Amino acid sequence: MAANSYALLQVTKCSLQRPSLPAKLEHLRNPLSSRLKPFLRELDRFPNISVAVPKAIKETSFKLLDAFVDFMYEFVDQPLLPSQSNFAPVEEIGEATTVRIVEGKIPDDFPEGVYIRNGPNPLFGGLKSTKSVFGETSHMWVEGEGMLHALYLKKDRRINGSWKTSYKNKHVQTDTYNIEKHRNKPGFLPATQGDSSAVLVTYLLNVLRFGVINKYLSNTNVFEHANKYYSIAEDHMPQEIDIHSLQTVGNWNIASGSWNRPFTSHPKKAPGTGELVIIGIDAKKPYFELGVISADGKKMVHKADLKFDRCTVCHEIGVTQRYNVIMNFPLTIDISRVVLGGQLMKFEKDGYARIGIMPRYGDANSIKWFEVDSCCVFHVINSFEDNDEVVVRACRARQSVIPGPSSSVNHFEKFYKWFKGETSSTDEFTKESTFPRVCEWRLNMKTGEVKEKKNLSGDEFAMEFPIINEKFTGFRNKFAYLQVVEYTEVSGSGFTRFGGLAKLHFEEKKISTDEEDELIKADYHMFPKNTFCSGASFVVKPGGIDEDDGWIIAFTHNENENISQVCIIDAKEFTEEPVAIITLPSRVPYGFHGAFMPLQS
């Protein structure tokens, strides 16, 4: 999910000052004072330290803080159950390895290129928890430094154009990755989940020692703009990647620094212009900004503060031919909640939810807002204009499955117990409330009317990680492809595994009972038992005419045999066996988003 997942660390940009509280919160210091006094006394020895500027931290104070962490904190590996084995990290394999085992046949008209997928691959053996006098903190499953997994598909023109395939993996070398790699041991303290007091102290210590609250993960997505390739997660700027070597070139300094915050893992190409539409959220004002980058990647064409009154987690936006589609839903980040002993990230079930339609180069005053039922959306399938209406399709859940830092609830385990009849409690967790369904909003720009269909695909499967033929981004599309979760495959592991793929036919009704006449047709491609996929992408057939002329390509892992493969599925013959299955020389852990990109010479 990622996810996403992946907007969890937006507080990276939040400036934490020396430990002082507003007068109305001063009483909160007392419960922590006995634990914090020794640390505060040490800080008082260095009154000129400015935590906002890591270069100002004297070398001696850094050594003192490092020694303090080594003495006060114990790093503990977060164990994995057998059902979680393919979430464990792998090592880099070094040079690209030739892949020789191919079942079936890679189509002759399949384009040459690289299929690349991002995902978390934590250093030093896996995710960590910490124990200290301040309490406990831990990572959550969406964290871990980014690792790129790439399958190269080239034709050998010396041998009748036969295919040459090779595989390579490599960590994304962010600034914070390089810090820890150089230290050769864990340094950053995890802060996403845990005791409130421990989370606050962790923020402070990470900033004092490294200048940022948490690591730059760059583990969520990969995208191309102006023939350059980038790895991205929402806690930092994108990193440019050499697509041939997977070497990290460096941070993208957008238009000479005219954009100074992270942006969404899912930027969108504007139809017709090729400009890149981006958004960035922050834990402090301005909470939400939108930008448009020129098609050549050199200029910031437009930038606007959308005047949000809260930091809402927005993992993706939509674009149409004329508009930007803004999702403002009640999954929020609020540092003051942690100070008060609550969650950093929280789904506010009584909070408002609305969708904004904004002219491409508009501002906060030009947005037309549409109130919708409260929900959580991480991924937009597509959006387009239909006469007076803007149509938005997305994966919608009634609440978020991502817990906050003080939450110890395992949502998937709770659901599994309910599904198996081991508990009757459905007050805050049902398969309808937490797992996404495909929905559609029709927003009338003239009348302000909202038509909402909350479940187009039915209850047979939950669906996430949507993809389409990207030529239809911003235009009416007939098809979408999603990764699906069988309820029987939702284990107590706490992690989502996707046992198949769905092809949705938006312009065809499902042949079923009268009560289900609003459901659309869906085809399914299910993988063998205990085989799960990630990073599915649509590969356009060269010279194709129909929208579904192409292939779905996905990484899969067979947990019975511990074998990772890449499957190529004909999008027109979606329910048939894959046309090619390529067995990889190394295990590929489950991850997030993938893309197929043509190779530049």
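Calculation criteria
Residues numbered from 1 in each chain as written. Predicted model: local features only at pLDDT ≥ 70, side-chain atom pairs only at ≥ 80, totals over all residues. Heavy atoms only, no water. Helix = DSSP H or I, 4+ residues; strand = E, 2+ residues; numbered from the N terminus. Contact = heavy atoms within 4.5 Å. Areas by Shrake-Rupley, 256 points an atom, 1.4 Å probe, with all protein chains shown as cover. Pairing = 2+ DSSP bridges. Axes fitted to C-alpha atoms, helices over the stretch in contact; angles between N-to-C directions. pLDDT = per-residue confidence, 0-100. Left-handed = near helix turned anticlockwise from the far one by under 90°. Nonpolar A, V, L, I, M, F, W, Y, C, P; charged D, E, K, R; others polar. UniProt positions renumbered as here; feature names shortened; annotations may be inferred. Buried < 20%, exposed > 50% of the residue type's maximum accessible area, 1.4 Å probe, protein only. Arc of directions from axis to C-beta. Core = buried A, V, L, I, M, F, W, Y, C linked by side-chain atoms within 4.5 Å. Phe/Tyr/Trp six-rings, centres within 6.5 Å; stacked < 30°, edge-to-face > 60°. Lys NZ or Arg CZ within 6 Å of the ring centre and 35° of its normal. Expected span 1.5 Å × (residues − 1).

### So, the overall build of the protein
Along the backbone of the protein there are eight helices and 37 strands. Contacts in the protein between residues far apart in sequence, at least 24 positions, make up 66% of those at least 6 positions apart. Summing over all exposed atoms, the protein offers an accessible surface of approximately 24800 Å²; the carbon and sulfur share of this is 48%.

### Thoughts on the sheet that holds strand β30 (residues 479-485)
An order of β29-β30-β31-β32 is seen for the four strands of this open sheet, with the pairing classed as antiparallel. A strand with exactly one partner marks an edge of an open sheet, and here the two such strands are β29 (462-467) and β32 (520-526). Strand-to-strand, the axes of this sheet are offset by a mean angle of 35°, without reference to chain direction. As defined by bridge partners, strand β31 (residues 500-509) adjoins β32 across seven bridges and the pair is classed as antiparallel. Its bridge partner lying in β32, K503 is registered against D523.

### Digging into the confidence of the model for the protein
A residue-level look at the protein finds 82% of positions with pLDDT of 70 or above and a mean pLDDT of 84. Taken together, the stretch residues 489-493 has pLDDT below 50 and engages in 22 contacts with residues farther than four places along the chain or on a different chain.

### Things to note about the pairing of strand β28 (residues 450-453)
Bridge count for strand β27 (residues 437-444) against β28 is four bridges, and the pairing is antiparallel. Looking across to β28, one finds that R442 is bridged to K451. Here β27 folds back onto β28, and the loop between the two strands holds five residues, one of which, G448, carries a positive phi near 80°.

### Quick notes on the packing of helix α3 (residues 59-72) against helix α5 (residues 196-210)
Look at α3 against α5: their axes get within 9 Å of each other, and the N-to-C directions meet at 145°. Considering how the two elements wind past one another, α3 and α5 form a crossing that is left-handed. On α5, the residues touching F62, L65, D66, F68 and V69 of α3 are L205, L208, R209 and F210. Residues that form the contact of α3 with α5 fall into these classes: seven nonpolar, no polar and two charged.

### Brief notes about the UniProt feature "binding site: Fe cation" (unreviewed entry) in the protein
With numbering matched to this structure, UniProt assigns "binding site: Fe cation" (unreviewed entry) to H266, H315, H379 and H593. In terms of the greatest pairwise C-alpha distance, the residues named above, spread along 328 residues, form a tight cluster of at most 12.6 Å across. By secondary structure assignment, the location of H379 is in strand β25 (residues 376-386). When neighbours within four sequence positions are excluded, H379 is seen to be in contact with H266, H315, E316, A394, C395, E464, F465, P466 and H593. As for its position among the elements, H593 is in the loop between β36 (580-583) and β37 (594-597). Note on H593: relative accessible area 9%, which makes it buried.

### Some words on helix α4 (residues 175-183)
For α4, the full list of buried residues reads T176, Y177, E180 and R183. The arc that holds every buried residue of α4, seen down its axis, measures 130°, which confines them to one face. Lining the buried residues of α4 we find α3, β8 (162-171) and α5. Downstream of α4 by a residue or two, N184 has a phi angle that is positive, lying close to 60°.

### Topic: the sheet that holds strand β10 (residues 221-225)
An order of β10-β11-β12-β13 is seen for the four strands of this open sheet, with the pairing classed as antiparallel. The sheet is open, and its two edges are formed by β10 and β13 (248-251), each paired on a single side. Going from strand to strand, the sheet's axes swing by 30° on average, the running direction of each strand aside.

### A few points about the nonpolar core
Grouped together as the largest cluster of nonpolar side chains are 52 residues, with contacts concentrated most on L306, M327, F329, I355 and W441. Once residues lying within four places of it in the same chain are set aside, the contact partners of I355 are V325, I326, M327, F329, K368, W369, F370, V372, W441 and L443. The next biggest cluster of nonpolar side chains, apart from the first, holds 43 residues, and it includes M140, V485, F538 and W551.

### A closer look at the environment of N253
In this structure, N253 sits in the loop between β13 and β14 (268-269). For the pair N253 and E240, spaced 13 residues apart in the sequence, the C-alpha separation amounts to 9.7 Å.

### Some details on the packing of aromatic side chains
Taken as a whole and judged by the stated rule, the model has 21 aromatic pairs. Geometrically, the ring pair formed by F110 and F596 is edge-to-face, given 5.5 Å between the ring centres and 80° between the ring planes. Of this pair, F110 sits in the loop between β3 (102-104) and β4 (113-117) while F596 sits in strand β37, and the two are 486 residues apart along the sequence. Owing to a relative accessible area of 17%, F596 belongs among the buried residues under this scheme. Pairwise contacts between aromatic rings join F110, W163, W551 and F596 into one cluster. Between the NZ or CZ atom of R310 and the centre of the ring of Y352, over which it lies, the distance is 3.7 Å.

### A word on α3
For α3, spanning 14 residues, the distance from its first C-alpha to its last is 20 Å, which sits close to the expected 20 Å at 1.5 Å a residue. Taken as a whole, α3 has its buried residues at S61, L65, D66, F68, V69 and M72. Down the axis of α3, the buried set is contained in an arc of 160°. They therefore lie on one face. Facing away from the buried side of α3, by more than 90 degrees, are the exposed residues E59, T60, K63 and F71.

### A few points about the environment of I317
Structurally, the position occupied by I317 is in the loop between β18 (311-312) and β19 (318-319). Owing to a relative accessible area of 0%, I317 belongs among the buried residues under this scheme. The contact partners of I317, leaving out residues within four places of it in the chain, are H266, K268, V277, I279, V325 and V380.

### Brief notes about unusual backbone geometry
It is generally the case that most residues other than glycine have a negative phi and that most peptide bonds are trans. Looking along the chain, the bond that leaves K285 and enters P286 is cis, with omega of -10°. For N562, which is not glycine, the phi dihedral falls at a positive 55°. Relative to the assigned elements, N562 resides in the loop between β34 (550-558) and β35 (563-570).

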